[in-house]
Amino acid sequence: MRKRTIRVQLMLTEKEYVRLTTNAAKCGFSISGYIRELLNKHEPKEMPPIEYYRILNQLYRITESLREKNTEPSAEQNIVIEIINELRTLIGEMRKALC
């Protein structure tokens, strides 16, 4: 059985409706989902552009590739570890900024 059983009707101007549907779509929500997010005091953020996911996936691949290649001890090992850690930090910051 559904948790949400109460239906609400809302009157909007054309301009308000366009703004509501546009904002909901940008955030990846249905209109109902978008309004519930606002009611729960969570400001929905726009979905990142497709390019964001492509870049994020490239960063993951680079990080994993460096980690896999960094198996033999050498003088460069510490530098590679630093780069991996910086990439992981960058990925985390990107995710926090957009999610």
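Before any of the text, the structure's been laid out above.
(A) How the structure looks around helix 1 (residues 14-27). Between its terminal C-alpha atoms helix 1 stretches 20 Å, which fits the 20 Å expected from 14 residues at 1.5 Å a residue. Here helix 1 has its buried residues at Leu20, Ala24 and Cys27. For helix 1, the buried positions fall inside an angular range of 70° around the axis, keeping them on one side. Those residues of helix 1 that are exposed and angled more than 90 degrees off the buried face are Glu14, Lys15, Arg19 and Ala25. In the core, the buried residues of helix 1 are packed alongside helix 2 (31-39).

The rules we used
- Residues numbered from 1 in each chain as written.
- Predicted model: local features only at pLDDT ≥ 70, side-chain atom pairs only at ≥ 80, totals over all residues.
- Heavy atoms only, no water.
- Helix = DSSP H or I, 4+ residues; strand = E, 2+ residues; numbered from the N terminus.
- Expected span 1.5 Å × (residues − 1).
- Buried < 20%, exposed > 50% of the residue type's maximum accessible area, 1.4 Å probe, protein only.
- Arc of directions from axis to C-beta.
- Contact = heavy atoms within 4.5 Å.

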